[in-house]
Amino acid sequence: MTSTSQLCPSNLFMRRSELLSRDDRVFLSYERAKAIGLAQGITLHDTLNLTQKFWDMHTDPITVLDGGACTLLTIQYNLVAGTLAQYAATTRPDLVSVVEDILRWNVIGQFCLTELGRGLDIFRMRTSATLLPTGEFDLHTPLPSDAKFMPPTIPVKGLPCVAIVFAQLYVNGECRGPRPFLVNINDGYHMCNGVTSKLLPPRGGSNPVNHALTSFDHVCLPPSALLGDLAKSDRVHHDFMSSIWRVAVGSLVLGSMAIPVLQMSSYIAARYFQRRHVTSVYGIPLPILSYRTQQMPLLHAIAQTFVLKALYKWAIEQFMDRNLDARVRHGVAACCKAVMVQHAQIANCSLSERLGAQGLFEYNRLSTFYSEMRGVSIAEGDILGLSMRLVEDTLTQKYTLALSTHPDGPLALHEIALFDDAIDTVSSTSDFTQAFMRYVQPRCQMMVESMGHRMAYDAAVDQGVSQCLVDLYLVNAIKTDAAWYVECGMFTRKAIVHMEEAALLAALPHLDELLAAMEIEPYVSSPIISDQCWEEFSETLPVYSSPQVEVPAQPTLVLERVRL
């Protein structure tokens, strides 16, 4: 049980945010993010050195109770505090107090990188910071399409906001590449001079965050605003990627949200499947859990929960290994994010469908989880973009990710075959780029997911995850590209069906034991998990009924005449 379980019964987390206005929901998310962060006790040391406490914070079940709070938390602690801590510990000790204020939520931190008109082409951003003769900088957004896209920079009830803003540095008319600047955005009530924030409409289906378009009209920055130095670099792109390295950290930690999402969605579904009964053909009430249609997606989701925990542990070790090429570490993060989001989204969709109409409602979480994970798939590195870069780098042999510890296993052979096919495709033509774009690019995400499947399987086996769960994970991964396994003669379709059936039979008797092992129950507030929870929830609903009409009493004399 994590230390945050004590927050669950508090009014802050018991309030049903779906009944509140957008503004109230946004502010509630800030309050929840602050409460989670302070309960975790993350320090400058933790965020700078990526301690286990830092990694564990992102898989804490409380983070999925409010996707808006989770978004704010990871921006605050990873992107902003993490970036500033790097400078505070080396060349800018004056930033220590700023980092401490951010970690204590005395100040809101934002990370302004992506521009509306650039998307993933962030290196060619248009926001400019021009060095003035006074040593100050002129920060400017040339066109509306150059506004910073998404960071929630709207004033929030008295909490000052600062942001790390990336802009092209100009010195004596020469562009020296994108650099980070620390900029005051608002004082919690009003925007700072020259800074404009336009509130975007809410994202569909997810907990609202006050996402915005942020622009700068010749904002004068002090010399200390520049994070780093003015020197011209002969490795501009490399230096830029180094300055945004916390984005790679974000790829891994945001992807790991899939673990508590799978835990909670599978727990809610399991308890509902046990509670909900239908009448069998023999006239006997049966829990819908009796049907394979419910058991299959449920047990697969549970198996993925335990396997992904093993993968996350292994990935952290890889990411923290400074002896590895930074690109290899980023590649591991990309594989993990791809496969974690894949599993969570399939589970959220299939389990919510098995809940029937109940799966559509926000109070039961699963539909919201789906929308939240869509955001995760884009934030801190779009999965498709990460996949294309990783596959291209692999095919051109720029670096190699860790090889399988079970090279003769089906998933390892599948991964190798996909990459061999891609190599044959691009090698059969003189135009690598055209061949890659036409034939390989559309399959990049599937190829990276195959790497993730293999990594997850290896991690689970090597860490001793229960065999029935490993078997369930294996057969589910095989089913994602069953045609290849049949085509190469490894399995028949019937054999795959029998493999799955055997794994389900082995896992089902341990269902309650597996649910208990996830230690998720204190965090679950869905009302459909028990009759008592539903009754308590129904008492909070607005009631509309016909008015009680009182029939006036008639005089006794009239009644006596009627009897006559």
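Definitions and limits used
Residues numbered from 1 in each chain as written. Predicted model: local features only at pLDDT ≥ 70, side-chain atom pairs only at ≥ 80, totals over all residues. Heavy atoms only, no water. Helix = DSSP H or I, 4+ residues; strand = E, 2+ residues; numbered from the N terminus. Rg over C-alpha atoms; globule rule 2.2 N^0.38 Å. Buried < 20%, exposed > 50% of the residue type's maximum accessible area, 1.4 Å probe, protein only. Areas by Shrake-Rupley, 256 points an atom, 1.4 Å probe, with all protein chains shown as cover. Pairing = 2+ DSSP bridges. Axes fitted to C-alpha atoms, helices over the stretch in contact; angles between N-to-C directions. Patch = residues over 30% accessible without salt bridge, like charges linked within 9 Å, V, L, I, M, F, W, Y side chains within 5 Å. Salt bridge = Lys/Arg side-chain N within 4 Å of Asp/Glu carboxyl O. pLDDT = per-residue confidence, 0-100. Contact = heavy atoms within 4.5 Å. Polar contact = N/O pair within 3.5 Å; in protein donor to acceptor, adjacent residues only side chain to side chain. Phe/Tyr/Trp six-rings, centres within 6.5 Å; stacked < 30°, edge-to-face > 60°. Parallel < 35°, antiparallel > 145°, perpendicular 65-115°, else oblique. Left-handed = near helix turned anticlockwise from the far one by under 90°. Nonpolar A, V, L, I, M, F, W, Y, C, P; charged D, E, K, R; others polar. Arc of directions from axis to C-beta. Core = buried A, V, L, I, M, F, W, Y, C linked by side-chain atoms within 4.5 Å. Lys, Arg positive; Asp, Glu negative; His and termini not counted. Charge placed at Lys NZ, Arg CZ, Asp CG, Glu CD.

Some remarks on the overall build of the protein chain
Working step 1: The secondary structure content of the protein chain amounts to 22 helices and 11 strands.
Working step 2: The C-alpha atoms of the protein chain give 27 Å as radius of gyration, which agrees with the globular expectation for 564 residues (24 Å, within 12%).
Working step 3: For the C-alpha atoms alone, the extent of the protein chain along its principal axes is close to 110 × 75 × 40 Å.
Working step 4: In the protein chain, which comprises 564 residues, the proportion classed as buried is 52%.
Working step 5: A total of about 25,800 Å² of accessible surface is found on the protein chain, and carbon and sulfur atoms cover 56% of it.

Digging into the sheet that holds strand 7 (residues 195-199)
Working step 1: One open sheet accounts for 3 strands, arranged 4-8-7; its pairing is antiparallel. In this open sheet, the two edge strands, each paired with only one partner strand, are strand 4 (148-150) and strand 7. Averaged over all pairs of adjacent strands, the angle between their axes in this sheet comes to 15°, without regard to strand direction.
Working step 2: Direction of pairing for strand 4 relative to strand 8 (residues 212-216): antiparallel, over a ladder of 3 bridges.

Some points on unusual backbone geometry
Working step 1: At Met150, a residue that is not glycine, the phi angle is positive and equals roughly 100°.
Working step 2: Residue position: Met150 is located in strand 4.
Working step 3: Non-glycine residue Glu519 carries a positive phi angle of around 50°.
Working step 4: Looking at where Glu519 falls in the secondary structure, it is placed in the loop between helix 20 (511-517) and helix 21 (531-538).

With respect to a nonpolar patch on the surface
Working step 1: Where nonpolar side chains cluster on the molecular surface, the patch consists of Val281, Tyr282 and Ile284 and spans about 420 Å² of accessible area.
Working step 2: By the secondary structure assignment, Tyr282 is in the loop between strand 10 (277-279) and strand 11 (285-287).

Remarks on the pairing of strand 1 (residues 108-112)
Working step 1: Counting buried positions over the 5 residues of strand 1 gives 5, a clear majority of the element.
Working step 2: Burial along strand 1 is two-sided: Ile108, Gln110 and Cys112 facing one way and Gly109 and Phe111 facing the other are all buried.
Working step 3: Two strands pair when backbone bridges link them, and strand 1 and strand 5 (residues 161-171) are joined in this way by 5 bridges, in the parallel orientation. Bridge pairing in strand 5 places Gln110 opposite Ala163.

Things to note about the confidence of the model for the protein chain
Working step 1: Mean pLDDT over the protein chain stands at 94; residues scoring 70 or higher make up 97%.
Working step 2: Considering only residues more than four positions removed or in separate chains, one finds that residues 558-564, a stretch of pLDDT under 50, has 1 contact.

A closer look at the side chain of Thr127
Working step 1: Position of Thr127 among the secondary structure elements: in the loop between strand 1 and strand 2 (128-131).
Working step 2: Separated by 2.5 Å, the side chains of Thr127 and Glu115 make a polar contact.
Working step 3: Reaching out from Thr127, the side chain makes a polar contact with the backbone oxygen of Asp146 at a distance of 3.4 Å.
Working step 4: The residues touching Thr127, leaving out its near neighbours within four places in the chain, are Glu115, Leu139, His140, Pro142, Asp146, Lys148, Phe166, Ala167 and Gln168.

Looking at the packing of aromatic side chains
Given two aromatic rings, their pairing is described by the distance between the two centres and the angle made by the two planes.
Working step 1: For the structure on display, the rule yields 15 aromatic pairs.
Working step 2: Ring geometry for Trp55 and Phe319: centres 5.9 Å apart, planes at 75°, overall edge-to-face. Remark: Phe319 occurs in helix 10 (residues 292-319) and Trp55 occurs in helix 4 (residues 52-57); sequence separation between them is 264 residues. Of the two residues, Trp55 and Phe319, neither departs from the other in class, the shared state being buried.

As for the packing of helix 10 against helix 11 (residues 326-354)
Working step 1: Two elements in contact, helix 10 and helix 11, have axes whose closest approach is 10 Å; the angle formed by their N-to-C orientations is 165°. When the axes of helix 10 and helix 11 are compared, the pair comes out roughly antiparallel. Here helix 10 runs over helix 11; the crossing is left-handed.
Working step 2: Of the residues assigned to the contact of helix 10 with helix 11, the class counts are 16 nonpolar, 7 polar and 2 charged.

A few points about helix 6 (residues 96-103)
Working step 1: Among the residues of helix 6, Val99, Ile102 and Leu103 are the ones counted as buried. Across the axial projection of helix 6, the buried residues extend over an arc of 95°, all falling on one side.
Working step 2: On its buried face, helix 6 is in contact with helix 2 (22-40), helix 3 (44-49), helix 5 (67-88) and strand 5.

With respect to the pattern of salt bridges
Working step 1: Applying the stated criterion across every chain yields a total of 23 salt bridges.
Working step 2: Between Lys232 and Glu174 there is a salt bridge, with its nearest N and O atoms 2.7 Å apart. In this pair, Lys232 sits in the loop between strand 9 (219-221) and helix 7 (236-243) while Glu174 sits in strand 6 (residues 174-186), placing the two residues 58 residues apart along the sequence.
Working step 3: Residues joined by salt bridges that share partners form a network here, namely Glu115, Arg118, Asp146 and Lys148.

Digging into the pairing of strand 2
Working step 1: The pairing of strand 2 with strand 3 (residues 137-140) spans 4 bridges and is antiparallel. Pairing of Leu131 across the sheet is with Phe137, part of strand 3.
Working step 2: The turn joining strand 2 and strand 3, which pair antiparallel and follow one another in sequence, is formed by 5 residues; a positive phi near 95° is taken by Gly135.
Working step 3: Here strand 2 pairs with strand 5 via 3 bridges, running parallel. Bridging from a neighbouring strand, Ser128 pairs with Gln168 of strand 5.

Observations concerning the packing of helix 8 (residues 246-255) against helix 10
Think of two packed helices as two axes; the pair is described by the angle between the axes and how far apart they sit.
Working step 1: Running from N to C, helix 8 and helix 10 cross one another at 165°; their axes reach a closest spacing of 11 Å. Judged on the interaxial angle alone, helix 10 and helix 8 are roughly antiparallel. Considering how the two elements wind past one another, helix 8 and helix 10 form a crossing that is left-handed. For the pair helix 8 and helix 10, contact is made by Ala248, Val249, Leu252 and Val253 and by Tyr312, Ala315 and Phe319, respectively.
Working step 2: Here the residues of the contact of helix 8 with helix 10 are counted per class, giving 7 nonpolar, no polar and no charged.

Let's talk about the nonpolar core
Working step 1: Grouped together as the largest cluster of nonpolar side chains are 173 residues, with contacts concentrated most on Trp55 and Phe181.
Working step 2: In terms of residue count, the dominant contributor to this core is helix 10 (15 residues).
Working step 3: The residues contacting Trp55, other than those within four sequence positions of it, are Leu50, Val249, Leu252, Val253, Tyr312, Ile316, Phe319 and Met320.

Some thoughts on a negative patch on the surface
Working step 1: On the surface, Asp420, Asp421, Asp424 and Glu487 cluster together into a negatively charged patch.
Working step 2: Element by element, the count of residues in the negative patch is highest for helix 14 (residues 410-427), at 3 residues.
Working step 3: Residue placement: Asp421 occurs in helix 14.
Working step 4: The class of Asp421 is partly exposed, set by a relative accessible area of 36%.

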